[in-house]
Amino acid sequence: MNKSDKIIVGVLVALLAAWFVWNSQNSRKMEGERPRSPSEVGSHETVIAAEPSPPPSLSALEPAATLALSLAERPPEEFATLSNDVVRLTLTSHGGGVKEVALHGYPRTLGAEEGDVEVLSFGEAPALRLEGIGFVEAAAFAMAVAEDGQSATLSVAAEGGMALERHLSFTNGYTLVVRDRFVNNGAAEAAIPSFGIATGPMAATLDGGRDEWMAIDAKVQEIKKAEYPEFDRAKLGALFGTSGGGCMAAATVSANAPEAGTDKITAQVDWVAVRSRFFVQALMPGKGASGMELGATRETVPSGGLKLTAVSGALFRDGATLAPGAEAIYEYRYFAGPRKLSLLRELGDGQQKIMRFGFWSLFCEGLLWGLNLLYGVVRNYGVAIILLTAIVRLLMMPITRKGMENMKRMGALQPKLKEIQALYKDDPKKVQQETMRLYTENKVNPMTGCLPMFIQLPIFIALFTVLRGAVELRFAPFLWIADLSGPENLFYETFSPILRMVGWDCGLNILPLAMGATMYFQSKLSPAMGDAQQQRMMTVLMPLMFTVMFYTSASALGLYWSVSQLFAIGGLLWQRRKTKKAAASSGDVTEVISPPRQTRQMRRHG
């Protein structure tokens, strides 16, 4: 969950908690890691006839002083392609890494023609490039692709005899297995210095230029347990010396701040991942790396605000000294694809945490599983959300019905409660005693009315988290909605100039308005409790605040909440009709048992 999500969820929790406290106060007023799977690909590495003590440099390696010149003298860049049913990788001879990743099942834009798919493009910083090994960086790789197009061998050699053979092959889906084999073909001892292997930069353009979703995730082995740190926009802003307090939307950057920043972590790292809202790259070494580097670049904004343009990560590997004829092998797995729970879970080693469901993981994973299961039946995510809402409401029906009945009884007790307050206005303790007696004798629990709300709270927050970042909803249509993962944006050209005045660059969004309206009508239909003026204020304030907060959110969230409120309104209308019908046929009314009159008389006479 990114920084902006946490802020919105925090506001939601605060609002719902305020609602709970307000109800409670009215009641009180009335009553005074790391085992690695043996089958995991790349689970071992070997160093044959090698010593693990790398000197700073060897003659077999390109001296750092001449690296820039060597880069300029490299042969022209050549490309090769690996592909399978879901992804196409473009390899480059410059660095021997991945230049581009084309994702077959994901269109580049809304309404894109067939074949115009999303591409993760890394420019001059290809994924899987090795950093710190001069001859690898300065030379051009020879590339040979297998006939099936799913594996390739790349090779490069230094004048002193050190050579690197890199083998790349698909295991399945979006995962590539990388095997780097260093061989000392020279007559003298040679060394591989400590080096880094990097992901490609994940650009903000994947999210339409918005940087709020960009982050780096990792699994880091601490002293006693594994940690899964998230370096989101707020933490990455520290690379540029941001200031402006806790609100990262208002963070500012000094005019002297660099346009690119990096930071290093020295610890055992089992994997590192860089992500946007819907896509992710993950780099997994065969054995834990000795550290990691996180990096980000920014755009210079005239106002001095922070705007990230890309994030990247790298793993550090220990070098080795190789005798003549010796070799060292390093293995990795590389994933480049959608940020999808089922795929990340298949990678193992806790990589489902890249979804950042946090404390609500159990609810999020269950709801996402249910949503995809329903989609498999109806083949439309809008319909699946409606069905999921209906299922959630059905499961909550017994608790909701009990809460509604309790609220009805509470409403019937209001005259007696006011009478107790007036009668014992100078004795708060007595007010509490008599109120509790009234509740007990009438079988009323003031907390029961709030129970449905607090049971629904984790479900709502989980759905908020899931629907905001689910790649399944990207460009998913429903009725007039073109993309359930974004706002409706109707009549954009007409309404955006007006809404920009209040900071919203969007068109007309119907669902947030429907959400506010249904919340208002549900409040009006609910049995009245407590102070009438406060009740009226909350009836208007809560729907208004929710409408404002969610006006530019994913339309999937507005769809869920509006449909959920419609079910609630239907339940209230049905309950009201049932009560009236029962009262008309039997003449019964809700019986209120009053506190013993003798007690009140004793109170009057002191």
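Novice: For this particular structure, what's the right way to read the overall build of the protein chain?
Specialist: From N to C terminus, the protein chain includes 14 helices and 22 strands. Counting across all 606 residues of the protein chain, residues that qualify as buried make up 50%. Accessible area for the protein chain stands at about 28400 Å²; split by element, carbon and sulfur atoms hold 58% of it.

Novice: I'm lost on a nonpolar patch on the surface in this one. Help?
Specialist: A cluster of nonpolar side chains, Leu-479, Trp-480 and Ile-510, forms an exposed patch at the surface whose accessible area comes to about 330 Å². Inspection of the secondary structure assignment puts Ile-510 in helix α11 (residues 510-525). By relative accessible area, Ile-510 is classed as partly exposed at 36%.

Novice: I would appreciate a short explanation of the environment of Leu-541 in the present structure.
Specialist: Within the element layout of this structure, Leu-541 appears in helix α12 (residues 532-549). The sequence separation of Leu-541 and Gly-516 amounts to 25 residues, and the corresponding C-alpha distance is 9.8 Å.

Novice: What's the story with the pairing of strand β9 (residues 162-172) in this structure? I'm lost.
Specialist: The side chains of a regular strand alternate, first on one face of the sheet and then on the other. Both strand β8 (residues 151-157) and β9 contribute to a ladder of seven bridges, which runs antiparallel. The residue bridging Ala-152 from the neighbouring strand is Leu-168, located in β9. Hairpin connection from β8 to β9: four residues lie between these consecutive antiparallel strands, with Gly-161 at a positive phi of about 115°. Here β9 folds back onto strand β10 (residues 175-184), and the loop between the two strands holds two residues, one of which, Gly-173, carries a positive phi near 55°.

Novice: Please explain the nonpolar core as it appears in this structure.
Specialist: A general feature of soluble globular proteins is that nonpolar side chains tend to end up buried together. Counting residues in hydrophobic clusters, the biggest one holds 126 residues, and the most contacted among them are Val-101, Phe-182, Tyr-334, Leu-467 and Leu-484. If you look at the next biggest cluster of nonpolar residues, it comprises nine residues, including Met-410, Tyr-424, Val-431 and Leu-438.

Novice: So what exactly am I meant to see when it comes to the confidence of the model for the protein chain here?
Specialist: As a note on interpretation, predicted positions should not be read in detail where pLDDT is low. Put simply, the protein chain has an average pLDDT of 81, and 79% of its residues get 70 or more. This stretch, residues 19-67, has a pLDDT under 50; its non-local contacts, to residues over four places away or in other chains, come to 123 contacts.

Parameters at a glance
Residues numbered from 1 in each chain as written. Predicted model: local features only at pLDDT ≥ 70, side-chain atom pairs only at ≥ 80, totals over all residues. Heavy atoms only, no water. Helix = DSSP H or I, 4+ residues; strand = E, 2+ residues; numbered from the N terminus. Buried < 20%, exposed > 50% of the residue type's maximum accessible area, 1.4 Å probe, protein only. Areas by Shrake-Rupley, 256 points an atom, 1.4 Å probe, with all protein chains shown as cover. Patch = residues over 30% accessible without salt bridge, like charges linked within 9 Å, V, L, I, M, F, W, Y side chains within 5 Å. Salt bridge = Lys/Arg side-chain N within 4 Å of Asp/Glu carboxyl O. Pairing = 2+ DSSP bridges. Core = buried A, V, L, I, M, F, W, Y, C linked by side-chain atoms within 4.5 Å. pLDDT = per-residue confidence, 0-100. Contact = heavy atoms within 4.5 Å.

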